[in-house]
Amino acid sequence: MKEIKDIISAYDAAVIQGKRSALATVVHVEGSSYRRPGARMLVTEDGMLTGAISGGCLEGDALRKALMAINEQRNKLVTYDTTDDDDAKFGVQLGCNGIVHILFEPIDTLKKDNALQLLKKATVDRQPAVLVTLFSMDARDVQPGTCYFLSDSGVAESGLKLLDAAIAASIVAESASALASQTSTIQQYHVNEINLTAFVEVLQPSIALVICGAGNDAIPLVAIANVLGWEVTILDGRPTHANVQRFPNVHAVLVARSERVLDHIQLDDRTAWVLMTHNYNYDLDVLQQLAGTSCSYIGILGPKKKLHRMFDDLAAKNIVISDQVKARIYSPVGLDIGAETAEEIALSIAAEIKAVIYGKTALALRDKQSAIHASAATGI
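Residues numbered from 1 in each chain as written. Predicted model: local features only at pLDDT ≥ 70, side-chain atom pairs only at ≥ 80, totals over all residues. Heavy atoms only, no water.

Undergrad: Can you help me understand the domain arrangement of the chain in this one?
TA: Buried accessible area, meaning the area lost when the parts come together, often serves as the stated size of an interface. Under the domain assignment, the chain is made up of domain 1 (1-110), domain 2 (112-205) and domain 3 (208-358). Once you take the C-alpha centre of each, domain 2 and domain 3 turn out to be 37 Å apart. (Domains from an automatic or database assignment.)

Undergrad: Just checking my understanding: could you explain helix α5 (residues 218-228) for this structure?
TA: Residues lying three or four places apart along an α-helix face the same way, a consequence of the helix completing one turn every 3.6 residues. The set of residues buried in α5 consists of Ala 218, Pro 220, Leu 221, Val 222 and Ala 225. Buried residues along α5 sit in contact with β11 (208-212), β12 (231-236), β14 (271-275) and α9 (342-357). Phi turns positive one or two residues past the end of α5, at Gly 229, with a value near 80°. (Buried < 20%, exposed > 50% of the residue type's maximum accessible area, 1.4 Å probe, protein only. Helix = DSSP H or I, 4+ residues; strand = E, 2+ residues; numbered from the N terminus. Contact = heavy atoms within 4.5 Å.)

Undergrad: How should I be thinking about the UniProt feature "domain: XdhC Rossmann" (unreviewed entry) in the chain in this particular structure?
TA: UniProt records the feature "domain: XdhC Rossmann" (unreviewed entry) at residues 209-353, using the numbering of this structure. Each end of residues 209-353 is marked by a C-alpha atom, and these two atoms are 9 Å apart; helix forms 35% of the span and strand 17%. (UniProt positions renumbered as here; feature names shortened; annotations may be inferred.)

Undergrad: It is not clear to me how the pattern of salt bridges should be interpreted in this structure. Could you clarify?
TA: Should their charged atoms come close, side chains of opposite charge can pair. One pass over the full model with this rule turns up 18 salt bridges. Among the ionic pairs, Glu 259 bridges to Arg 257, the shortest N-O distance being 2.6 Å. The class of Glu 259 is partly exposed, set by a relative accessible area of 38%. With its nearest N and O atoms 3.7 Å apart, the salt bridge here joins Asp 313 to Arg 309. Remark: Arg 309 and Asp 313 occur in helix α7 (residues 304-316); sequence separation between them is four residues, near one turn of the helix. On the basis of relative accessible area, Asp 313 is assigned to the partly exposed category, the value being 29%. (Salt bridge = Lys/Arg side-chain N within 4 Å of Asp/Glu carboxyl O.)

Shown next as structure tokens:
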């Protein structure tokens, strides 16, 4: 989501400056590639790039293709095939042994629901959304592009009504199914002797990180979370510590009593909490409240004996932490990477949160038996 937000900011700036732009989207990948379907890059007519569609090897040629799309005001699908060992002949040196299909869409600012406007809708609320991009790998002159948006808060479309009615209805149905299952898919259609492919993409909101504790050791954790594009909230009972002077680049800074912290926070399944106030009673009160929520990650700074003491103290108040809740508590917090300094500890915490939210094991990639990226969309 950070990449999308960066692209939106760059687009808004380009509109103010009167610059034309195009959106490049990886819509399908065969084999290995640096980026997966859904990777995006905005290109302005003066050559400014925001986002990425590869590790840097495609961007030069993609810039030229995007400028062509802008000048012609026509969607273009470009395929980069690097399965040939002599990929230098393409001038891109991918070295990924894969085929990457990229759709270039010039953005018409006068169009109410252009591709960027549909992307914007995905950032309005903290909820999953579906974005559909329609393209053809057979008829290169037929590239409908980004055409449909769906979330629990609304629907928007761009060009969907221009399609065959049966295909449009199918796209609407597939979008609803993808939103319900939280799974991106690829769908195939055939109309007027043309094969069309729909990339039905599920977009997830950013991870929301609530840091209970505004001490100095929270500062590097905030810095890492900001780089990752997470929405960070600092929460503490001390106004001398929890203030915008110490934490200027966060989503919110809240000063609250320990027993009322949930009055200020909206929880969802992509919210992570880290308790690091260095105040045992404050952390205990917060844990007591979180135990009754569906929060997917609760990290607690300190040794395991502290956690056991917390369980005992809560039990003494007839508050029993269920095994289901205990499975979501991570204490000592962080991955075992040999962290010692505040910066290293912050890195281990952020990595653990990322792994937990995305259902990963933090296994070394060299020991992974399957592909690095599970196929998010199948059907081609």
